[in-house]
Amino acid sequence: MQWEIRAFLRKGRKYVGLFRIHLKNHFAYVHDFLIRTLFLIVVLFIFTQLWGVTYEVTGRDRIAGFSLPMMMWYLTVTESMMMAYPPLVERVEQEVKSGQVAVTLIRPFSYVGAHFSAYLAEFILRLSINLAIGGALVFLLFGPPEVGPGQAGRFLLFLPVSLVIHFSFTMCIALLAFWFEEVQGFHLIYTRLLMTLGGMMLPLEIFPESVERLAHVLPFQAVIYLPAKMMVTEPGGLWWSLWLKQIGWALFSLALMGAIYRRGVRNLDLNGG
Amino acid sequence: MTVIRAENLTKTFRVKRKAPGFWGSLQSLAKPDVVEKEAVRGISFRVEKGETVAFLGPNGAGKSTTIKMLTGILHPTSGRLEVLGMVPQRERVRLAFRIGTVFGQKSQLWYHLPPADTFALMADIYELPAKPFRVRRDELVELFGLGPYLHTPVRKLSLGERMRCEMAVALLHRPEILFLDEPTIGMDVVVKQKIREMIRLFNRKEGVTVFLTSHDAGDVEELCDRAIIINHGEVVMDVPVHQLKRDVLKYKIVHLKLGAEPDDFTLPGTEVLKRKGTGLKLKVDILRTTVEAVIGRLLERYPILDINVEDPSMEDVITTLYEAKGG
């Protein structure tokens, strides 16, 4: 038992090492991240204007249960998350095209696990910057979010699970590069689904009831909508059942990714030096 | 002890063909024309522990594909393969602990970080305990002379310095087999020499088996005992390097820029391939004479402004082999 724990820790150390070195490496690109954040500020500013007018025209304090500040904090979280996702599909596709995948596959670690360590490091860094800068803008315009310790805690429970789901689905698409020369098209469809049925641009409650029901049975809401919703609203006593459902989607996406990887790696074609 | 055993190894890729132009794209979309390309066709060979083997062939011969199968990256289409008693495509991770690789055209160093960080990461990846890692790292830093730039970001290192780091990183976990794919590509003579010395040293000191592909005949001559030559995915020749030198690598190409236009001259073992103004291209048969002797004789008659000595290219080696076999 003790030996097994030690072996597990030794194996875990390599992914921690990868996480650390990626984090360190990304500090070389912090200025690039900051420039990207300028775009986030522009997007959030446009949203504040759009929703400001919407609330004014409708003359309502709340739309689908969201006040204007709540809506803006919701969008800050969703936009910050969306803009923090590293370009995994491009990377894997490029790795396969250039043959660099050989350097990764030759190491004694899981190909997918190594990518996850890299992904996590970049996501954490980008999300921190996005939330800090985007949050500062919304704070200046609407004041602090009404977030109690319960909401913050639930956000921290839902966020990592949502990241696992998003990483796994994105990796599934990226791994198609082991078969197809071009996989950006698949990724484009996936990200558009996240933007709409995933609740990135609008909370699902705003959709017509039938669309909302459909969105709730699909996995996209578990990626962006759920963590953002947990952050800005009080979901009541049923939050844990949503969390279990989210974990279910995580397990499904992991299994799908594992199956695609096992088939893909057998199919890998790397011509030339 | 046999460390690599390949029997009737084949690898077939499916390649999509497309006619040029828009119509070709549409046709390809509706009815893709997929052809099978045999990159490796039933090759068999064995490598014993401690051997230094050159795996040679022209571009597209199947060298890199074979190395990728030996290291578990590519799955063979058919045939049997065993490396250190393991089946690479099934036991890739377990095998990775016992082999080292250097791909001359693909770096394993972190571009923005110093080599010291890559060393530390590799210690984690290869699960090396802290103390043995430090001892090994210090040993490699000293042997490869990495001390002065161990903490300099890789992007600021010269190609030669980078390549020494690549070699040291590949040796950190004490691999039993070192796969080197064009390890000296693009390097100057001095750096090439240093890299070759290090490979030789670890082969002798630690009994590391070396499996090398290179287009540089110098790598083969100076490093390897045995050469396996493949072309069009098949083994053309499997011979000791001294035999290859005797039969094929028996000449050097010498480019000269003289101070005056040369007259007609003949030198033993030397053939004039090209003459243009003061430029001269000679083929020197090193079994009959030496490059030094030829240059010495020419210096007696003309001032020499520039000299460049080349080994025969791998394409020439293959052509010579086919000619010798009447192919």
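The rules we used
Along each chain, numbering runs from 1 in the same order as the chain's sequence is written. Chains carry letters from A onward and ligands carry numbers from 1 onward, assigned in written order. Two thresholds apply to this predicted model, a pLDDT of at least 70 for residue-level local features and 80 or more for giving and counting side-chain atom pairs, whereas whole-chain, interface and lining totals are computed over all residues. Calculated side-chain values reflect all of the structure's heavy atoms, with hydrogen atoms and water omitted. At least two bridges found by DSSP between two strands is the condition for calling them paired. Starting at the N terminus, helices and strands are each numbered in turn, a helix being any DSSP run of H or I of at least four residues and a strand any DSSP run of E of at least two. Where helices are involved, their axes are fitted lines through C-alpha atoms of the stretch in contact, as for all axes, and angles between N-to-C directions lie from 0 to 180°. Here a residue-residue contact requires only that any non-hydrogen atoms of the pair lie within 4.5 Å. Summed over both partners, the accessible area (1.4 Å probe) lost when two parts come together is defined as the buried area. By definition, a salt bridge exists where a carboxyl oxygen of Asp or Glu is found within 4 Å of a side-chain nitrogen of Lys or Arg. Any N or O atom pair separated by 3.5 Å or less is treated as a polar contact, with the protein-specific requirement of one donor-capable and one acceptor-capable atom, and with residues adjacent in sequence counted only for side-chain atom pairs. Our angle categories are set so that under 35 degrees counts as roughly parallel, over 145 as roughly antiparallel, 65 to 115 as roughly perpendicular, and the remainder as oblique. Asp, Glu, Lys and Arg are counted as charged, while Ala, Val, Leu, Ile, Met, Phe, Trp, Tyr, Cys and Pro are counted as nonpolar; the rest, among them Gly, fall into the polar class. Two aromatic rings, drawn from Phe, Tyr or Trp (for Trp, its six-membered ring), form a pair once their centres lie within 6.5 Å of each other, and the interplanar angle then sorts them: stacked below 30 degrees, edge-to-face above 60, tilted otherwise. For the exposure calls, accessible area comes from a 1.4 Å probe over protein chains only, and a residue counts as buried if that area is under 20% of its type's maximum, exposed if over 50%, partly exposed in between. Handedness of a helix crossing follows the sense of rotation of the near helix relative to the far helix, less than a right angle counterclockwise being left-handed and clockwise being right-handed.

### A word on the sheet that holds strand 3 (residues 52-56) of chain B
All names here are of chain B. Judged by pairing direction, the sheet is mixed, and its six strands sit side by side in the order 5-6-7-3-8-9 without closing on themselves. Where the open sheet ends on each side, the last strands, each with one partner, are strand 5 (99-103) and strand 9 (234-240). Taking each pair of neighbouring strands and ignoring which way they run, the sheet shows an average axis angle of 15°. Here strand 3 pairs with strand 7 (residues 209-213) via three bridges, running parallel.

### A word on the sheet that holds strand 10 (residues 251-258) of chain B
All names here are of chain B. The strand order 11-12-10-13 describes an open sheet built from four strands, whose pairing is antiparallel. Looking at strand neighbours, the two that pair on one side only are strand 11 (270-276) and strand 13 (304-310), the edges of this open sheet. Averaged over all adjacent pairs, the angle separating strand axes in this sheet is 20°, with direction ignored. Here strand 10 runs beside strand 13; their pairing, made up of six bridges, is antiparallel. Bridge assignment links Lys 257 to a residue of strand 13, and that residue is Asp 306. Running over the sheet, helix 10 (residues 291-301) touches strand 10, strand 11, strand 12 (279-285) and strand 13 and is turned about 160° from strand 13.

### Some remarks on the interface of chain A and chain B
Listed per partner, the contact involves 34 residues of chain A and 34 residues of chain B. Taken together, both faces of the contact between chain A and chain B bury some 3,200 Å²; the carbon and sulfur share is 55%. Broken down residue by residue, the surface that chain A buries against chain B is led by Ile 106, Arg 107 and Pro 108 of chain A, which jointly contribute 20%. Between chain A and chain B we count five salt bridges in total. For Lys 14 of chain A, the salt bridge goes to Glu 127 of chain B, with nearest N and O atoms at 2.7 Å. Viewed at the interface, chain B and chain A are joined by 13 residue pairs in polar contact (both at pLDDT 80 or more). Breaking the side of chain A that touches chain B down by element, the ones donating at least two residues are helix 1 (2-26), helix 5 (101-105) and helix 12 (239-267) of chain A.

### As for the packing of helix 7 (residues 149-175) of chain A against helix 11 (residues 225-232) of chain A
All names here are of chain A. Where helix 7 contacts helix 11, the two axes come as close as 8 Å, and the packing angle between them is 175°. Considering their axes alone, helix 7 and helix 11 lie roughly antiparallel with respect to each other. In this structure, helix 7 uses Gln 151, Arg 154, Phe 155, Phe 158, Leu 159 and Ser 162 to contact helix 11, whose residues at the interface are Leu 226, Pro 227, Met 230, Met 231 and Val 232. Of the residues belonging to the contact of helix 7 with helix 11, the class tally is eight nonpolar, two polar and one charged.

### Observations concerning the packing of aromatic side chains
All names here are of chain A. Scanning the model with the defined rule gives 19 aromatic pairs over all chains in all. Here Tyr 85 and Phe 123 contribute two aromatic rings whose centre-to-centre distance is 5.4 Å and whose plane-to-plane angle is 15°, an arrangement assigned as stacked. Separated by 38 residues along the polypeptide, Tyr 85 in the loop between helix 3 (68-84) and helix 4 (88-98) and Phe 123 in helix 6 (residues 111-142) bring together distant segments of the chain. Tyr 85 sits in the buried class, given a relative accessible area of 9%.

### Concerning unusual backbone geometry
All names here are of chain B. Even without being glycine, Glu 127 reaches a positive phi, approximately 55°. With respect to the helices, strands and loops of the structure, Glu 127 is situated in the loop between helix 4 (115-125) and helix 5 (130-144). We classify Glu 127 as buried; its relative accessible area is 12%. Here the phi dihedral of Glu 182 falls at roughly 50°; this positive angle occurs in a residue that is not glycine. Overall, Glu 182 belongs to the buried group, its relative accessible area being 10%.

### With respect to the packing of helix 2 (residues 30-58) of chain A against helix 6 of chain A
Residue and element names in this part refer to chain A. Helix 6 packs onto helix 2 with a crossing angle of 40° between their chain directions and a minimal axis gap of 9 Å. Where helix 2 crosses over helix 6, the two elements pack in a sense that is right-handed. On helix 6, the residues touching Val 30, Phe 33, Leu 34, Arg 36, Thr 37, Leu 40, Ile 41, Leu 44, Phe 45 and Thr 48 of helix 2 are Glu 122, Leu 125, Arg 126, Ile 129, Asn 130, Ile 133, Gly 134, Leu 137, Val 138, Leu 141 and Phe 142. Partitioning the contact of helix 2 with helix 6 into residue classes produces 14 nonpolar, four polar and three charged.

### Observations concerning the pattern of salt bridges
Any two side chains of opposite charge can pair, on the condition that their charged atoms come close. Residues and elements named next belong to chain B. What the rule picks out here adds up to 30 salt bridges over all chains. Of the charged contacts in the structure, one is a salt bridge between Arg 41 and Glu 38, with a shortest N-O distance of 3.6 Å. Note that Lys 205 is salt-bridged to Glu 139, the shortest N-O span being 2.5 Å. Here Glu 139 lies in helix 5 and Lys 205 lies in helix 7 (residues 189-206), a separation of 66 residues in the sequence. With a relative accessible area of 44%, Lys 205 lands in the partly exposed category. When its relative accessible area of 22% is taken as the criterion, Glu 139 is described as partly exposed. One connected set of salt bridges, linked through shared partners, spans Arg 136, Glu 139, Arg 174, Lys 205 and Glu 206.

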